[in-house]
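What the coordinates show
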Amino acid sequence: MEVPFFDLKRQYENIKDKIGFAVSVVLESGWFVAGPSVQKFEEAFAKFCGVKHAIGVTSGTTAVYLALKAIGIGNEDEVITTAYTFFATAEAINLTGARPVFVDIVKRSFNIDPDKIKEFIEKKCQWDDERHSLIDLETKRRVRAILPVHLYGQMADMDPIMEIAQKYGLFVVEDAAQAHGAVYKTSTRLGKAGSIGKTAAFSFYPSKNLGAYGNAGAVVTNDDGLAEKVRMLINHGQKEKYYHDLLGWNFKMNGFQGEILNVKLKYLDKWNEDRRNNAMLYNKVFSDIKGIVLPEEMDCSHHVYHLYVIRTKVREEFQRHLKSNGIGSSSHYPIPLHLQKPYQYLGYKEGDFPNAEQCADEVVSLPMYPELSTEEIKYVGEKVKAFFYS
Ligand SMILES: *Cc1c(COP(=O)(O)O)cnc(C)c1O
């Protein structure tokens, strides 16, 4: 049996007619950049997230950049983020001119550790009355925001993050690129991914839980002023055509993607449910295998399994075994950000973030998509068992 790591064609086969129609709607409307299809999607997606505004943009990377830019992050600033995420999260910080500060993760959730954020602030920063900001004592930059990532489809621990942010006057910007429809729930807070911070970024890269057929992303927020700022930034800084109030860029969403995403959004809850069921079935078939650590759903979270990621000390052999049995796998992510070449200038070294480093050495992503069949999951289960019990 062949179980591909990813297969977008299966989903397309199920919604082919609707997508064909969506494409024709855009062709006939003549709106290929922004326009009514994008606007319709923005309204539906804002409602889905439980926020006031969603603004369609060119990609998730763009969305992270714009969210930071809109809250005023720039040259003199620093943004605290996780050492363990897709590179784009941190890249977006750099594009604003700011400097990323990395902190370690919690291994059980793979998400940023709020205690480590606190530790950085308490040990390395000081409030400065004159600059009215928290200052990094080493770099003299203003620490302005926390950028948690909801990795693999599970939200970061937002309660303590929001508490720290409030205490030190920091913005919280969520990177929700992997967490469309994920929920955070505690006795004091209930909210979907994207609805808890000041603003949030989503990606609709084709392989995400909600994927376009090309690049696309969105910035969401409850703040009217921020939403307006993002709308200007994506459109050359204009509110009124040819009257430019600030310097922006061209970051508007493609019309086809808006119409297509609007079709797909209607299926998202069902697809996320299918992903969850697949994850439960994986958990069941793997439950008695020693030698792997299974993903955990935290008490505070409704996980939407963008990825199903296990850990093993023998990754290389294990992935070779999977491959020889026709099972696709991947590794998200093999190198933590602080050890990536472009971040050498920050001066981190191996050993600085032991949890992120350990996960980077051990993670294996198994096939995970709504269309995965029970037979396929059982087949993966058999082959994984065969490897660890031989
Ligand atoms: C995919 C992703 C992005 C970037 O999204 P693109 O649409 O590919 O630009 C940013 N952050 C995270 C965590 C992602 O997974």
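Residues numbered from 1 in each chain as written. Predicted model: local features only at pLDDT ≥ 70, side-chain atom pairs only at ≥ 80, totals over all residues. Heavy atoms only, no water.

A separate point is the sheet that holds strand E8 (residues 183–185). If you trace the three strands from one edge of the open sheet to the other, you get E9-E8-E14, paired in antiparallel fashion. Edge positions in the open sheet fall to strand E9 (190–192) and strand E14 (301–302), since each of these has one partner strand only. Inspection of the sheet shows E8 paired to E14 by two bridges, in the antiparallel sense. Paired with Val183 across the bridge in E14 is His302. (Pairing = 2+ DSSP bridges. Helix = DSSP H or I, 4+ residues; strand = E, 2+ residues; numbered from the N terminus.)

Bringing the packing of helix H3 (residues 60–70) against helix H7 (residues 224–233) into the picture now. Axis separation between H3 and H7 bottoms out at 9 Å; the angle between their running directions is 125°. Relative to H7, H3 is oriented oblique. The handedness of the crossing between H3 and H7 comes out as right-handed. Contacts between H3 and H7 involve Leu66, Lys69 and Ala70 from the former and Leu226, Lys229, Val230 and Leu233 from the latter. Of the residues assigned to the contact of H3 with H7, the class counts are five nonpolar, no polar and two charged. (Axes fitted to C-alpha atoms, helices over the stretch in contact; angles between N-to-C directions. Parallel < 35°, antiparallel > 145°, perpendicular 65-115°, else oblique. Left-handed = near helix turned anticlockwise from the far one by under 90°. Contact = heavy atoms within 4.5 Å. Nonpolar A, V, L, I, M, F, W, Y, C, P; charged D, E, K, R; others polar.)

With that out of the way, let us pick up the pairing of strand E6 (residues 142–147). Taking burial as the measure, the six residues of E6 include five buried ones, the bulk of the element. With five bridges connecting them, strand E2 (residues 77–82) and E6 associate as parallel partners. The residue bridging Asp77 from the neighbouring strand is Arg142, located in E6. Sheet topology places strand E5 (residues 133–136) next to E6; two bridges connect them, and they run antiparallel. For Ile135, the partnering residue across the bridge sits in E6 and is Arg142. (Buried < 20%, exposed > 50% of the residue type's maximum accessible area, 1.4 Å probe, protein only.)

Once that is clear, we can look at unusual backbone geometry. Here the residue pair His332 and Tyr333 is connected by a cis peptide bond, since its omega of 10° sits within 30 degrees of zero. Along the chain, Tyr333 falls in the loop between helix H10 (315–324) and helix H11 (354–362). Residues other than glycine seldom take positive phi values, yet Ala34 does so here, at roughly 50°. With respect to the helices and strands, Ala34 occurs in the loop between helix H1 (8–29) and helix H2 (36–49). You can call Ala34 partly exposed: its relative accessible area is 22%. Backbone geometry at Tyr152 places phi at a positive 65°, although glycine is not the residue there. Take Tyr152: it is sitting in the loop between E6 and helix H6 (158–168). Tyr152 gets classed as buried once you look at its relative accessible area, which sits at 2%.

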